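Residues per chain are reported as follows:
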Amino acid sequence: LAHPSVLTLRIGTRRDGWRGPPVSIRPGARLLAELESTVIVSNMENTDDGSSRREAASALRDAELSRTTLARAIAAPPSLFASLGAAVAIQIATAAIGLGGGHIWISVSGVALLAVVAGVQLMRFARHNGVWIRGFVSRVVLGTGTGASLAYAVPLAAAIWAGYGARWWLVPPLLNS
Amino acid sequence: MGELDPHVVAPARLKLMTTLTAVSQAEFGTVRDILQVSDSVLSKHLAALEEAGYITRRKGSHRGRRTTWLALTPRGRRALSAHVAELRRLIDGID
């Protein structure tokens, strides 16, 4: 038998005999899935008693629980913040040393090191949690949050000032010569 | 008065789409474990939602093996918002 292109069904759930609007369904591999969804829609929209409310509330509660479960399972892999912090500290120090001593390659190598560490930690985060989160790169890794920006900018400015001032405790005399 | 979205109304699909709102992308196995469904059931729902334009699937790798990364599309986010609003209307009993 050839499949019809569209099946039109009437699905009614009211006790007064009202049969509900006609529903068109495309037959095919997902016929049962579509039929299941259509029946659920019809039941929720046409049932007058409290069962539809309970179904809707239960569906929303379960969905929110799944979302919360995933969110709570997300965690930073071990040493993520320590390694990022160390890489940032090295980048700040190398920026100051490179600018103060006139050795740009030192500054560039610090930036490259930070980029490599950040990339590796991002991959570890995705591998650890099985998710990507928008904003993680900018706010956590690149530190665009207000606190992180200040925590980065102030030490960087101080280090550059120390570098240009040739402070002995930051710029080794050998590099400053 | 809006309408329930037939693509989202199945509880498993509502859970799937709501779960994906927590992240930008999620790996297939992670979502399967959260929803506590089988690979085949999840694949069936993903196929339907992808056909509706509500999610995207991207081939990638995870823990050294090939897998699929899932993400909601902007259209999917809008559909989910409208569907949830309609569910809340049903719960509140507003006509």
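Our subject is the structure that appears above.
A brief report on the enclosed structure follows. (Residues numbered from 1 in each chain as written. Chains lettered and ligands numbered in written order. Predicted model: local features only at pLDDT ≥ 70, side-chain atom pairs only at ≥ 80, totals over all residues. Heavy atoms only, no water.)

Turning next to the overall build of chain A. If you tally the helices and strands in chain A, you get seven helices and three strands. Secondary structure elements of chain A occur, N-terminal to C-terminal, as β-β-α-α-α-α-β-α-α-α. The proportion of buried residues among the 177 residues of chain A is 31%. Expressed as a percentage of contacts within chain A between residues at least 6 apart in sequence, the contacts between residues at least 24 apart total 49%. Total accessible area computed for chain A in this model is approximately 10700 Å², and 65% of it derives from carbon and sulfur atoms. (Helix = DSSP H or I, 4+ residues; strand = E, 2+ residues; numbered from the N terminus. Buried < 20%, exposed > 50% of the residue type's maximum accessible area, 1.4 Å probe, protein only. Contact = heavy atoms within 4.5 Å. Areas by Shrake-Rupley, 256 points an atom, 1.4 Å probe, with all protein chains shown as cover.)

Core analysis: the biggest nonpolar cluster contains 32 residues, and B:Leu14, B:Leu16, B:Leu20 and B:Val31 have the highest contact counts within it. Breaking this core down by element, the ones donating at least two residues are helix H2 (51–73) of chain A together with helix H1 (11–20), helix H2 (28–35), helix H3 (39–51), strand S3 (65–72) and helix H4 (74–92) of chain B. Apart from residues lying up to four places away in sequence, B:Leu20 is in contact with B:Ala26, B:Val31, B:Ile55, B:Leu70, B:Ala71, B:Leu72 and B:Arg77. Counting residues in hydrophobic clusters, the runner-up holds nine residues, among them A:Leu80, A:Val117, A:Leu122 and A:Phe125. (Core = buried A, V, L, I, M, F, W, Y, C linked by side-chain atoms within 4.5 Å.)

So, about the packing of helix H3 (residues 80–101) of chain A against helix H4 (residues 104–129) of chain A. Residues and elements named next belong to chain A. Axis separation between H3 and H4 bottoms out at 7 Å; the angle between their running directions is 170°. It follows from the interaxial angle that H3 and H4 lie roughly antiparallel. Like other packed secondary-structure pairs, H3 and H4 cross with a definite hand, here left-handed. Of H4, the residues touching H3 (which contributes Leu80, Ser83, Leu84, Ala87, Val88, Ile90, Gln91, Thr94, Ala95, Ile97, Gly98 and Leu99) are Ile104, Ile106, Ser107, Gly110, Val111, Leu113, Leu114, Val117, Ala118, Gln121, Arg124 and Phe125. Here the contact of H3 with H4 is composed, by residue class, of 16 nonpolar, seven polar and one charged. (Axes fitted to C-alpha atoms, helices over the stretch in contact; angles between N-to-C directions. Parallel < 35°, antiparallel > 145°, perpendicular 65-115°, else oblique. Left-handed = near helix turned anticlockwise from the far one by under 90°. Nonpolar A, V, L, I, M, F, W, Y, C, P; charged D, E, K, R; others polar.)

Turning our attention to the interface of chain A and chain B. Between chain A and chain B, the contact holds 30 residues from the first and 37 residues from the second. Scanning the region where chain A abuts chain B turns up zero salt bridges. Viewed at the interface, chain B and chain A are joined by four residue pairs in polar contact (both at pLDDT 80 or more). Listed by contribution, the elements that provide at least two residues to the side of chain A that touches chain B are helix H1 (31–46), H2, H4 and strand S3 (131–132) of chain A. Broken down by element, the side of chain A that touches chain B gets its largest block of residues, 12 residues, from H2(A). A per-class count over the side of chain A that touches chain B returns 15 nonpolar, six polar and nine charged. Where S3(A) meets strand S1 (residues 25–27) of chain B, two bridges bridge the pair, whose relative direction is antiparallel. Within S1(B), the position partnered with A:Val131 by the bridge is B:Ala26. (Salt bridge = Lys/Arg side-chain N within 4 Å of Asp/Glu carboxyl O. Polar contact = N/O pair within 3.5 Å; in protein donor to acceptor, adjacent residues only side chain to side chain. Pairing = 2+ DSSP bridges.)

Another aspect to go through is the pattern of salt bridges. Residues and elements named next belong to chain B. Applying the stated criterion to the full structure yields four salt bridges over all chains. Between Asp33 and Arg32 there is a salt bridge whose closest N-O contact spans 3.2 Å. Salt-bridge contacts for Glu86 lead to Arg89; the nearest nitrogen and oxygen are separated by 2.5 Å. Residue Glu86 and its partner Arg89 are both found in helix H4; the two are separated by three residues, about one turn of the helix. Its relative accessible area of 14% is what places Arg89 among the buried residues. Each of Arg32, Asp33 and Asp39 takes part in a single network of salt bridges with overlapping partners.

Coordinates in, geometry out; function isn't part of it.
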